[in-house]
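Coordinates in review
Read off the chains here:
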Amino acid sequence: MKLFAAIYIGSYEVSLKIFELAARKSIREIDHVRARLEIGKDSYQKGYIGYELMEELSSILAGYKKIMESYHIDDYTAYAGGMFRGIKNELFVLDQLFIRTGIRIQVPSNSEHRFIGYKSIAFRQEFDEMTKQGAAVVDVGGGSLQITLFSNGRVVLTQHMALGTMRLREKLSAVKHAVVHYENQLEELVNKELEVFKALYLKDYKMKYIIFTGEYIMDLMKKVEKKSDKIVSSEKFLKTMRKMYKKNVAQIAAELDMTNENDPLLVPYIVMFTRLVEELGAEEIWTPGVSVSDGMAYDYAEKNHMMKSAHDFDEDILSAARQLSKRYESFSPHIDALSGMSALVFDAMKKVHGMGRRERLLLQAAAILHDCGKYISLAHGPECAYHIIMESEIIGLTHLEREITACVVLYNTYPLEDYENLSDKLDEESYMVVAKLAAILRVSNAMDRSHKQKFKNVKAAIHGKELVITIATIDDITLEKELFAAKADFFERVFGIKPVIREKRVFR
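Now for a look at the structure at hand. Quick caveat, the model's predicted, so the values are computed rather than measured.

Looking now at the pattern of salt bridges. Overall, the coordinates contain 25 salt bridges when judged by the stated rule. The closest approach of N and O atoms between R358 and D314, which form a salt bridge, is 3.6 Å. A residue pair is termed long-range when its members are at least 10 positions apart, and R358 in helix α16 (residues 357-369) and D314 in helix α13 (residues 313-327) qualify at 44 residues.

What follows deals with the packing of aromatic side chains. Taken as a whole and assessed by the stated rule, the structure comprises 18 aromatic pairs. Look at F115 and Y118: their rings are 5.9 Å apart centre to centre, the planes differ by 40°, and that puts the pair in the tilted class. Residue F115 and its partner Y118 are both found in helix α4 (residues 110-122); the two are separated by 3 residues, about one turn of the helix. An identical accessibility class is assigned to F115 and Y118; each is buried. Relative to Y375, the ring of Y328 lies with its centre 5.6 Å away and its plane at 80°, an arrangement referred to as edge-to-face. In this pair, Y328 is assigned in the loop between α13 and α14 (333-348) and Y375 in the loop between α16 and α17 (381-390), connecting sequence segments 47 residues apart. The side chain of R242 reaches across the aromatic face of Y245, ending 4.5 Å from its centre. The ring of F490 is capped by R442, whose NZ or CZ atom sits 4.0 Å from the centre of that ring.

Before going further, it helps to examine the packing of helix α18 (residues 399-413) against helix α20 (residues 428-446). Two numbers describe how α18 lies on α20: the axes approach to 8 Å, and their chain directions differ by 40°. One way to sum up the angle between α18 and α20 is to call them oblique. For α18 against α20, the interelement crossing comes out right-handed. Residues L400, I404, C407, V408, Y411 and N412 of α18 touch α20, and the partners they reach there are S430, V433, V434, L437, A438, L441, R442 and N445. When grouped by side-chain class, the residues that make up the contact of α18 with α20 number 10 nonpolar, 3 polar and 1 charged.

Our focus in this paragraph is unusual backbone geometry. The backbone of H72 sits at a positive phi, close to 60°, despite the residue not being glycine. Locating H72 in the fold gives a position in the loop between α2 (51-71) and β4 (75-80). Non-glycine residue H305 carries a positive phi angle of around 60°. Summarising the element assignment, H305 is placed in the loop between α12 (292-303) and α13. We classify H305 as exposed; its relative accessible area is 73%.

Judged by pairing direction, the sheet is mixed, and its 6 strands sit side by side in the order β7-β6-β5-β8-β10-β9 without closing on themselves. Bordering the open sheet on either side are β7 (154-161) and β9 (231-233), each of which pairs with just one other strand. Pairs of neighbouring strands in the sheet enclose a mean axial angle of 20°, with direction left out of account. In this sheet, strand β6 (residues 145-151) lies alongside strand β5 (residues 135-140) in antiparallel orientation, the contact comprising 6 bridges. Bridge assignment links A136 to a residue of β6, and that residue is L149. In the packing of α4 onto the sheet, contacts are made with β5, β6, β7, β8 (209-214) and β10 (284-286), and the angle to β6 comes to roughly 55°. Contacts from helix α9 (residues 234-244) reach β9 and β10, with the element oriented near 80° to β9.

Definitions and limits used
- Residues numbered from 1 in each chain as written.
- Predicted model: local features only at pLDDT ≥ 70, side-chain atom pairs only at ≥ 80, totals over all residues.
- Heavy atoms only, no water.
- Salt bridge = Lys/Arg side-chain N within 4 Å of Asp/Glu carboxyl O.
- Helix = DSSP H or I, 4+ residues; strand = E, 2+ residues; numbered from the N terminus.
- Phe/Tyr/Trp six-rings, centres within 6.5 Å; stacked < 30°, edge-to-face > 60°.
- Buried < 20%, exposed > 50% of the residue type's maximum accessible area, 1.4 Å probe, protein only.
- Lys NZ or Arg CZ within 6 Å of the ring centre and 35° of its normal.
- Axes fitted to C-alpha atoms, helices over the stretch in contact; angles between N-to-C directions.
- Parallel < 35°, antiparallel > 145°, perpendicular 65-115°, else oblique.
- Left-handed = near helix turned anticlockwise from the far one by under 90°.
- Contact = heavy atoms within 4.5 Å.
- Nonpolar A, V, L, I, M, F, W, Y, C, P; charged D, E, K, R; others polar.
- Pairing = 2+ DSSP bridges.

Written as structure tokens, this is what we have:
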């Protein structure tokens, strides 16, 4: 059994959760401490975190450290949310906080941050059944909003929007006291983004559930339904929320039994949740009552082999890649053939390339997405594919993994640049992964260059200094052989092994 602490610095709150972790047992929360601190206000207005705010944050973290010491914590993780990403003095603030408190704070990318929160939901038994019936996982934060759609238990898409409640409040801060209906102004800002999302992605999509995460939702749900299952009908939820529109912040806070009767984020959250339910059109709402802090505990337990989810997170990544490929009309039998062929070569090369399961997954994602850029430009397809991948949220991939995947797609076609030219994107280890995966993808792609899937019963094995790929075919493969030979040079330079094709003729 271990005691684990999760510290999360959000846009308007700093929280500490203490968990009890034990192998093959459910995670148990044993303490939760929260401190109000509007870091996002400095971040979004000024672009940096001021000295006074840093002093206050240091004081809070120092107090949290004493609490962790009193519990004799075995390990901890400390994350800062999106308001830290991109601020002018990020490195200086993180350095000072570490010097003053001894707590090392990480700032995960948006994709990493959302995935950690998503894990805490996906570990729940109800999750897979709900996603089979169609669901949207909606994470509402102070700085942004993320929606992940599921159909038949598979990821359809993930979209990130700069539509957080604190951002909304700051946009309207100058006019808040000058307008009669503040909530109507908020709705106008929310509607602009949600209408575009609905038009682009929800045309033929039906869902039964909205799964909400984020602050305030549990307080609002208690007003709607007091049952413990945390599931309510959308109709009932909307009826209650629309009644709240007619009340001021103090009245709403009193009804929800909240301590802060002047909470400036309460109305933006009500507006956001209301409009999301109306636009997404789901039948029911589920609020599992989890946060990023819970996800940090699940993530730690999983990485330390203390628990395993029944949910297949790798399949989420491949499903998201397939849907992205289809959106740009590049998914085809060739994609399926290439994905299988590249995995076959990867597996045959295990003792040579030294990579593992995760790199194999990135190779499959690259194979699925390698042609998506042609939708935009036939002449510059690889560059377009690179940018499509980098600008798309693929839930489950870190920012670096997305960069690796995009580079593998780019250098499947173009000559691989020297490390010095890519060092701003990749470290040395990641650069080597790109080189190895691109080499495998090149020779695999060359084997189906005609897109006619001429090869049957393909086998691959290392024999001495050769990777021997044995194929059975009834077709003329002169084109594939010539292109394969052209791609083999880079493969041989990377691995020191020459790939060769051995053909077994099959007669009709």
